[in-house]
Amino acid sequence: MSFSLTLGVLLLLSAAGYWVGRSRAANLVARGSGRLHSLPSYHGFYVALWAGIPAFVLLLAWGVAGDRIVEALVLAGLPDAQTATLTNSERALLLAQIRNEAAGIGFGTPEPFVAAAAERLVELRSFSAWIVSAALIAGALAALAWALRRLAPDLRTRNGVERTLRLAMALCSALAILTTLGIVLSLIFEALRFFARYSPLDFLFGLQWSPQTAIREDQVGSSGAFGALPVVWGTLFISLIAMLVAVPVGLMSAVYLAEYATPRVRSWVKPVLEILAGIPTVVYGFFAILTIAPLVREAGVTLGLSVAANSALAAGLVMGLMLIPFVSSLSDDVINAVPQSLRDGAAGLGATRSETVRQVVLPAALPGIVGAVLLALSRAIGETMIVVMAAGLAANLTVNPFEAVTTVTVQIVSNLTGDTEFDSAKTLSAFALGLLLFCVTLCLNVIALGIVKRYREIYD
Amino acid sequence: MFKEEYALMQTASPAPNTPATATAPMADVKMSARQVRVHYGDNEALHGIDVDIRRNEVLALIGPSGCGKSTFLRCLNRMNDSIEGCRVSGSVTLDGVDVYDPALDVVQIRARVGMVFQKPNPFPKSIYDNVCYGPRIHGLTRNRTELDEVVETSLRRAGLWEEVKDRLAAPGTGLSGGQQQRLCIARAIAVSPEVILMDEPCSALDPIATAHIEELIDELRRNYTIVIVTHNMQQAARVSRRTAFFHLGNLVETGDTETIFTNPGDQRTQDYITGRFG
């Protein structure tokens, strides 16, 4: 029986458990054996959970481990002469061959022992699936019956069900944390492989970035240089330009929306600003290439400057535009959270609206605004699509906004796209850059959240 | 309807204060309200209030919740301006000048008619900066020494100086509730207002802090005209010289506090004071 069919049966059993449990509980009351501790529906859930969850967990475990067990059995069943001399990778290759053969997608005519093994694999698979499904369903039925027998008026099913729910919620949050951990670990392992080839100090403080490594010995520039500073600088430079656009504009619009706009204006402007936040960044990339970059170029030419096609300025400006709604929406929330009583207090002393905003509201909201700005900055640093499209590939250590610079994210993308070999420093450098990026944004987020949290403590 | 009741009250009330035909000499009247009506949208919250506030006296506004006493208080320094959908009609004068004159700067009015709120609302700044905020924005002082003096005098008048003189740079939000409220009073005094409006200044405070503030109001009476909204009738009896009783958006009667509390002219006042509703 297939995995999904078994799952369906288990779900049905569970649902049946709910109805039976509920009506059994209702009967208990009707027979006058005292008041129920919990509502009948809790009794229903209690039976349903007992019938469903243990079997479901076992089913999941079988789904993960079952194939391995079956394949190990098949390998063990092969004639010793075929397997005794195999290395690990050869063994894996053989297994893949058997698997393909079993699925009917093998090449040519297989050796007889492979064909036999494939047949055996198919047999074992269907056999084990039947056995496991039958066992699980029988187990679920037994658990259902057991839970039904336990039902009694004073059984605290309500508490039991809530405990189970709490556990489920804890598992969900653990999943998020474990995912993060997994991502970090995978970054770290690949980055370590990079650092085995290239010194971490040279990576962090080197001034030259040219990741092209030679394919043949005699090629020019055979060893790439992986000094990350120019790339990091490019990221910071573009982010700085973006923040120079996003912070003043976003903050001003937040102040306008929160303090000056009438509800009518607010109900129009705020959604429009939020549409800006909903535009995919790749579309901002088009905008940067097609509109802003030529504008910057023309402006530069009129001023008699030479402007690169992929200038840092164009990428930064567009990224700034993208961040405006982010800054303004977060700041707007923070400004609205400043208690009205402070505004009244200032107005009661004869302060004008702008004096109130500048001297009372903004200082009160400042920690939150700083938090918003730092969150925006960490988005700017991690932003990929706009810079991939609009920023350059050359790693220049320059402060001229009309020149092209490259960013960490651009280098990650360019080093990992196309045909890549996973044992070259060029490919692995992407992971080191990713780790660096992760650390920087993590620090920024921690700082930002800390500031926002401290701010909340003042008024609650 | 209001007018009839009002006339009835005037004949019935022995109170010496009769706003429309001011028996008190004009010089004695600091602020006066005539036919003040307030609408929130289509809803009329105040149905034409006439009252005189005399110089250097404490006027208490009492009445059950939602009777419009706070709304009326906020009309006196135009704090209702910032509330969406709120319209005020009738006239409010300060020393004979119409407060609602469009040519007048509302900021100037509020500098002359200060306000203390129900919940202490110190700014998230230092104690010193809280007090000198008003003088700074109005440019009342010329140098740091004068500013220091204003801060000290205001804090002394608010009875807070001894408690905070060693920590003027500490944040105002770190004080206790009663101290915060006295800080807010000091902040209001620092602008040298002529009238101070207090909107239930003690409702968020414990009895000891309340006693402090009440003593303070008694002190302040010498220099300022004070209008205080309160739910606490003992407080009204203790701190005020005259009392106005509001009910359902009407001013039922105004009179000497003693008269209002011992021999009210209107049945509703009698009922409220004896605790039959409210």
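Residues numbered from 1 in each chain as written. Chains lettered and ligands numbered in written order. Predicted model: local features only at pLDDT ≥ 70, side-chain atom pairs only at ≥ 80, totals over all residues. Heavy atoms only, no water.

Going by the annotation in an unreviewed UniProt entry, the name recorded for chain A is Phosphate transport system permease protein, with Aquibaculum arenosum given as the source organism. Its UniProt record gives chain A a comment under Function (unreviewed entry), which states: "Part of the binding-protein-dependent transport system for phosphate; probably responsible for the translocation of the substrate across the membrane." In its Sequence similarities (unreviewed entry) section, the UniProt entry covering chain A states "Belongs to the binding-protein-dependent transport system permease family. CysTW subfamily." (UniProt positions renumbered as here; feature names shortened; annotations may be inferred.)

Chemist: I'd like a rundown of the interface of chain B and chain A, residues and numbers included.
Modeler: The partner chain A presents 18 residues to the 21 residues of chain B that form the contact. Carbon and sulfur atoms supply 64% of the area buried between chain B and chain A, which totals about 1600 Å² over both sides. The largest contributions to the chain B side of the interface with chain A come from B:P124, B:Y133 and B:I137, which together make up 29% of the buried area. Our count for the contact surface shared by chain B and chain A stands at 5 residue pairs in polar contact (both at pLDDT 80 or more). Of the residues assigned to the side of chain B that touches chain A, the class counts are 13 nonpolar, 3 polar and 5 charged. (Contact = heavy atoms within 4.5 Å. Buried area = accessible area lost by both parts, 1.4 Å probe. Polar contact = N/O pair within 3.5 Å; in protein donor to acceptor, adjacent residues only side chain to side chain. Nonpolar A, V, L, I, M, F, W, Y, C, P; charged D, E, K, R; others polar.)

Chemist: Go over the pattern of salt bridges with me, naming the residues and quoting the values.
Modeler: For side chains of opposite charge, pairing can occur when their charged atoms come near one another. Residues and elements named next belong to chain B. As enumerated under the stated definition, the model contains 28 salt bridges over all chains in all. Between D95 and K30 there is a salt bridge, and its shortest N-O distance comes to 2.9 Å. You can see D95 sitting in the loop between β4 (86-94) and β5 (97-98) and its partner K30 sitting in strand β1 (residues 29-40), a full 65 residues away along the chain. Across the salt bridge formed by R242 and E57, the nearest N and O atoms sit 2.9 Å from each other. Placement of R242 in strand β9 (residues 242-247) and of E57 in the loop between β2 (43-54) and β3 (58-62) is noted, with a sequence separation of 185 residues between them. By relative accessible area, E57 is classed as buried at 1%. The network of salt bridges with shared partners includes K30, R55, D95, R112 and E194. (Salt bridge = Lys/Arg side-chain N within 4 Å of Asp/Glu carboxyl O. Helix = DSSP H or I, 4+ residues; strand = E, 2+ residues; numbered from the N terminus. Buried < 20%, exposed > 50% of the residue type's maximum accessible area, 1.4 Å probe, protein only.)

Chemist: Could you give me a rundown of the sheet that holds β1(B), with the residues and numbers involved?
Modeler: Strand order across the open sheet formed by 4 strands is β2-β1-β4-β5 (chain B), with antiparallel pairing between neighbours. The sheet is open, and its two edges are formed by β2 and β5 of chain B, each paired on a single side. (Pairing = 2+ DSSP bridges.)

Chemist: Can you break down the UniProt feature "domain: ABC transmembrane type-1" (unreviewed entry) in chain A residue by residue, with the values?
Modeler: In the numbering adopted here, UniProt assigns the feature "domain: ABC transmembrane type-1" (unreviewed entry) to residues 232-448 of chain A. Overall, residues 232-448 of chain A shows 79% helix and 0% strand. The separation of its end C-alpha atoms is 21 Å.

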